Amino acid sequence: MLLPTRCAACDLPGPPLCPGCRDALVRLAPPLCGRCGSPSAWPVPRCAECSGRRIAFASARAAILYDAPARRLVQAWKERGQRRLARDAAALVGETLSRPDVAALAFVPADPDRALKRGHRPAESLARELGRLWELPVEPLLRRTRTVDRQRGLGLQARRRNVRGAFGAARASPRRVCLVDDVYTSGATAAAAASALRKGGARRVEVVTLARAVR
Ligand SMILES: [Zn+2]
Ligand SMILES: [Zn+2]
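Residues numbered from 1 in each chain as written. Chains lettered and ligands numbered in written order. Predicted model: local features only at pLDDT ≥ 70, side-chain atom pairs only at ≥ 80, totals over all residues. Heavy atoms only, no water.

A. Region of the structure containing the coordination of the zinc ion (ligand 1). Looking at the zinc ion (ligand 1), one finds its protein donor set to be Cys7 (SG), Cys10 (SG), Cys18 (SG) and Cys21 (SG), positioned 2.3 Å from the metal centre. Every donor counted, the four donor atoms about the zinc ion (ligand 1) form angles of 103 to 116 degrees at the centre, which fits tetrahedral coordination. Of note, the zinc ion (ligand 1) draws all its donor residues from one chain, in the sequence arrangement C-x2-C-x7-C-x2-C. Of this pair, Cys7 sits in the segment before helix 1 (19-24) while Cys21 sits in helix 1; the two residues are 14 residues apart in sequence, bridging distant segments of the chain. For the pair Cys7 and Cys21, one class covers both residues: buried. (Donors = N, O, S within 2.8 Å, 3.2 Å for Na, K, Ca; no water. Tetrahedral: all angles 85-135°; square planar, octahedral: opposite > 155°, others 65-115°. Helix = DSSP H or I, 4+ residues; strand = E, 2+ residues; numbered from the N terminus. Buried < 20%, exposed > 50% of the residue type's maximum accessible area, 1.4 Å probe, protein only.)

Below, the structure written as structure tokens:
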């Protein structure tokens, strides 16, 4: 039986992401910071957001700005777990970012408790859809070493502390790997996960997310 769907962003009956909302999502286009992908007035190798920090990833790129409509979309995707939304998310990434020059895609592993409650894993499902799109293998290279408090509502320092050492290598990583997650907020999760990939043997980690918060 086909259940009628509603747009995740505006709630109108129709596809899980209606064409109007899809068009309204703000694409993140250059010029960007070469490292963390923050929009800038001109291309820079490092920016105020990422300079002076040791970051284990070489670059981070996102397809869309994490604004209110993007937040509603990601929330619906996380809560309802619609497969169609993972495909829409991958299509947005594929339109905006070029295929990374890597041997495999990895993903930020879901918190087991939260994944169990929701029954799905957005970062993994995005990685799987992107793997299909880019014809790259998707490998579970990371594991969680401990439970982590919610990042939401925490300051920058607290976020970094909260996720530091939270990931470990589940298996040996190829030298060049792309880490996939749903949202890049402070970069703390991406940095911690990239650091674990490096410990697993990766020499270069690129990060790709659907959305990115901009400060
Ligand atoms: Zn809509
Ligand atoms: Zn930067």
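B. Quick look at the coordination of the zinc ion (ligand 2). Ligation of the zinc ion (ligand 2) by protein atoms is provided by Cys33 (SG), Cys36 (SG), Cys47 (SG) and Cys50 (SG), these donors lying 2.3 Å from the ion. For the zinc ion (ligand 2), the four donor atoms are set out with angles of 100 to 115 degrees between them, so the coordination reads as tetrahedral. For the zinc ion (ligand 2), the single-chain donor residues occur in sequence as C-x2-C-x10-C-x2-C. Of this pair, Cys33 sits in the loop between helix 1 and strand 1 (59-65) while Cys47 sits in the loop between helix 1 and strand 1; the two residues are 14 residues apart in sequence, bridging distant segments of the chain. Residue classification places Cys33 among the buried residues on the basis of a relative accessible area of 0%. Exposure remark for Cys47: the relative accessible area of 15% places this residue in the buried category.

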